[in-house]
Protein chains: 2
Amino acid sequence: MSRQGTRLDSKKVNSELFTLTYGALVSQLMKDYENVEDVNKQLERMGYNIGIRLIEDFLARTGCGRCYDFRDTAEKIQMAFRIYLGVSPTVANWSPAADEFSLQFETNPLTEFVELPDHCLNLKYANMLTGVIRGACEMVQMEVSAYFVQDQLKGDNVTEIRVKFIKRLEDAIPAGED
Amino acid sequence: MSRQGTRLDSKKVNSELFTLTYGALVSQLMKDYENVEDVNKQLERMGYNIGIRLIEDFLARTGCGRCYDFRDTAEKIQMAFRIYLGVSPTVANWSPAADEFSLQFETNPLTEFVELPDHCLNLKYANMLTGVIRGACEMVQMEVSAYFVQDQLKGDNVTEIRVKFIKRLEDAIPAGED
């Protein structure tokens, strides 16, 4: 996966195709799993696996170094959404200790043509995104939790993902070195 | 789905995120189905469902009218790949009767980081694309078949999708009218 950022920068696909493909994935999971909670978990897990790969591209493309603090992390996650999904969420609702913030979306490309049927009201349709955040942060030694607290699909005014700092992970040291 | 093309034209997502999401979809299907042939079929069927929706966006965005002939169709499919996947396949290998052509891809964004393990050599990894072509054409009253004949994932020099005209479908006439 070592490539020049410049080459990739020009590579974009139309969001409609992406949205429909994501919809096919969610539909398939709805067929596969007995209950909606399992689908939510599976989407998060898939996102996690995507996040641990996408971070490498993000670092190569942006040249970002270590985050100074969690506010810096928030800005970089915001930047990642702009790069990868073409939307710029608002960073809001900081906790007093500055260890939690929200990403608020006016529109979510993943849900553009989506309406949830009545039996899916507990589905976290775009839950892959929370997994991507968790996976990407973990790869830069930061354990976070991320979860939807508002969702326009459920009638909320905005879509909001809450991101909470849990702990800094120790750098893994290869066996035999110290 | 009636929207202004101009609004959507600016909406692009990064191809890496799309590629990884498509990979998650294929992996899930590999877990779900007992054999690779069923995965190929399921990918084609998902593509078909995407195609029958994507064509509306394509027509609105491009203002394309009816195709004069199958060569015209080939050019429009080529244009659609440029719009939706950011790649421009070469149209080649026309049959003498001009009812079959190939789309040849130097690179396929769907397979960028993919290597097929040995037990998946019959997997048509990007088979969703053939379904998209079939579904989109059917919605403009043209039955075609589309299938991979070469695939860089299998060691071929190019990736090639063959598209074959089958028949023109009658315009559906609503019941009670004639």
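Residues numbered from 1 in each chain as written. Chains lettered and ligands numbered in written order. Predicted model: local features only at pLDDT ≥ 70, side-chain atom pairs only at ≥ 80, totals over all residues. Heavy atoms only, no water.

### Brief notes about the confidence of the model for chain A
Phase 1 of the analysis: A residue-level look at chain A finds 90% of positions with pLDDT of 70 or above and a mean pLDDT of 90.
Phase 2 of the analysis: Low confidence marks residues 1-9 of chain A, where pLDDT is under 50. Its contacts with residues over four positions away, or in another chain, come to 14 contacts. (pLDDT = per-residue confidence, 0-100. Contact = heavy atoms within 4.5 Å.)

### Focus: unusual backbone geometry
Phase 1 of the analysis: Although it is not a glycine, Asn-93 of chain A adopts a positive phi angle of roughly 55°.
Phase 2 of the analysis: Looking at the secondary structure, you find Asn-93 of chain A in the loop between strand S2 (90-92) and strand S3 (100-105).
Phase 3 of the analysis: Phi is positive for Ala-98 of chain B, which is not a glycine, with a value near 60°.
Phase 4 of the analysis: Along the chain, Ala-98 of chain B falls in the loop between strand S2 (90-92) and strand S3 (100-105). (Helix = DSSP H or I, 4+ residues; strand = E, 2+ residues; numbered from the N terminus.)

### Observations regarding the relation of the copies chain A and chain B
Phase 1 of the analysis: Structural alignment of chain A on chain B gives an RMSD of 0.0 Å, achieved by rotating through 180° and translating 0.0 Å along the axis. The operation mapping one copy onto its partner corresponds to a two-fold rotation axis.
Phase 2 of the analysis: Counting the interface residues of chain A, we find that 100% of their copies in chain B are interface residues as well, pointing to one common contact surface. (Least-squares fit on C-alpha atoms with pLDDT ≥ 70 in both.)

### So, the side chain of Asn-40 of chain A
Residue and element names in this part refer to chain A.
Phase 1 of the analysis: As for its position among the elements, Asn-40 is in helix H3 (residues 36-62).
Phase 2 of the analysis: There is a polar contact of 2.7 Å between the side chain of Asn-40 and the backbone nitrogen of Lys-124.
Phase 3 of the analysis: Non-local contacts of Asn-40, meaning those with residues more than four positions away in its chain, are made with Asn-122, Leu-123, Lys-124 and Asn-127. (Polar contact = N/O pair within 3.5 Å; in protein donor to acceptor, adjacent residues only side chain to side chain.)

### Describing the sheet that holds S3 of chain B
Residues and elements named next belong to chain B.
Phase 1 of the analysis: One open sheet accounts for 4 strands, arranged S2-S3-S5-S4; its pairing is antiparallel. The open sheet has two free edges, formed respectively by S2 and strand S4 (142-150), since each of these has just one partner strand. Pairwise comparison of adjacent strand axes, ignoring direction, gives a mean angle of 25° for this sheet.
Phase 2 of the analysis: Relative to S3, S2 runs antiparallel, the two being bridged by 3 bridges. Pairing of Thr-90 across the sheet is with Gln-104, part of S3.
Phase 3 of the analysis: Docked against the sheet, helix H4 (residues 70-85) engages S2, S3, S4 and strand S5 (159-168), running at close to 20° with respect to S3.
Phase 4 of the analysis: Along the sheet face, helix H5 (residues 128-139) touches S3, S4 and S5 and points at about 165° away from the line of S4. (Pairing = 2+ DSSP bridges. Axes fitted to C-alpha atoms, helices over the stretch in contact; angles between N-to-C directions.)

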